[in-house]
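Overview (structure and organization)
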Amino acid sequence: MTHAQLERSTAISGFVDSLQEPRTPYISPKRLSQALGVKVANLAQLIGVHRNTLRNPSSERLQGRMREMVKVISAATELTGDVDKAIYWYRNEPIADYGHRTAAELVADGQVEAALAFIRDLENGARG
């Protein structure tokens with residue numbers, strides 16, 4: 001593993017660790033919303049669940065959707081080398097191949113694989 005790969009891996013691990021609900025094996029909706037720079041109430045929209053779903057952090061549906069989001073952000077971090085840049089890209093960069101929708105919009109619509117495929121294409125040298 002190169003030095004750059006090790007740094008990216010450490011950044012991703014630190015990001016994922018920072019999202020843990022204290023004393024549980026769950027992603028914290030509050031911590032994830034803070035990392036994304038949004039209110040908890042807006043997180044539901046970003047992950048494509050009803051806002052009442054956030055009341056039960058252990059909900060498998062909620063955890064699954066948050067894991068999908070974290071998966072895409074982690075993949076983008078592998079590409080950019082920086083969690084903050086990856087989050088910015090995830091929320092703001094329109095992807096022409098997908099109707100100029102952002103990765104966040106794709107994930108909210110359940111199209112995680114489309115977002116991941118785009119990142120793989122970028123890693124393999126395709127133009128963004």
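Figured I'd write up the structure that's included with this text. If you're wondering where the values come from, they're calculated on a predicted model, not measured in any experiment.

Regarding the environment of isoleucine 12
Considering the arrangement of structural elements, one finds isoleucine 12 in helix H1 (residues 3-18). Here isoleucine 12 falls in the buried class, since its relative accessible area comes to 13%. Along the chain, isoleucine 12 and valine 70 lie 58 residues apart, while their C-alpha atoms are 9.4 Å from each other. Not counting chain neighbours up to four residues away, the residues in contact with isoleucine 12 comprise Ser74, Thr77 and Glu78.

Description of the environment of histidine 100
Here histidine 100 lies in the loop between helix H5 (83-92) and helix H6 (103-108). Using a relative accessible area of 55% as the deciding quantity, one classes histidine 100 as exposed. Not counting residues within four places of it along the chain, the set of residues in contact with histidine 100 comprises Pro94, Ile95 and Glu105.

Some details on unusual backbone geometry
For arginine 23, which is not glycine, the phi dihedral falls at a positive 60°. Here arginine 23 is to be found in the loop between H1 and helix H2 (29-36).

Quick look at the nonpolar core
In terms of nonpolar packing, the biggest core is built from 36 residues, with Leu32, Leu36, Met69, Val72, Trp89 and Tyr90 touching the most fellow members. Of all elements in the fold, only H2, helix H3 (40-47), helix H4 (60-80), H5, H6 and helix H7 (112-123) reach the threshold of two or more residues within this core. Excluding residues that lie within four positions of it along the chain, leucine 36 makes contacts with Leu43, Leu46, Met69, Ile73, Ile87 and Arg91.

Re the packing of H4 against H5
It is at 8 Å that the axes of H4 and H5 come closest, and there the two elements cross at 120°. In terms of their interaxial angle, H4 and H5 are classed as oblique. Note on packing geometry: the crossing formed by H4 with H5 is right-handed. Here H4 contributes Met69, Val72, Ile73, Ala76, Thr77 and Thr80 to the contact with H5, which in turn contributes Val83, Lys85, Ala86, Ile87, Trp89 and Tyr90. Of the residues assigned to the contact of H4 with H5, the class counts are nine nonpolar, two polar and one charged.

Quick notes on the rules
Residues numbered from 1 in each chain as written. Predicted model: local features only at pLDDT ≥ 70, side-chain atom pairs only at ≥ 80, totals over all residues. Heavy atoms only, no water. Helix = DSSP H or I, 4+ residues; strand = E, 2+ residues; numbered from the N terminus. Buried < 20%, exposed > 50% of the residue type's maximum accessible area, 1.4 Å probe, protein only. Contact = heavy atoms within 4.5 Å. Core = buried A, V, L, I, M, F, W, Y, C linked by side-chain atoms within 4.5 Å. Axes fitted to C-alpha atoms, helices over the stretch in contact; angles between N-to-C directions. Parallel < 35°, antiparallel > 145°, perpendicular 65-115°, else oblique. Left-handed = near helix turned anticlockwise from the far one by under 90°. Nonpolar A, V, L, I, M, F, W, Y, C, P; charged D, E, K, R; others polar.

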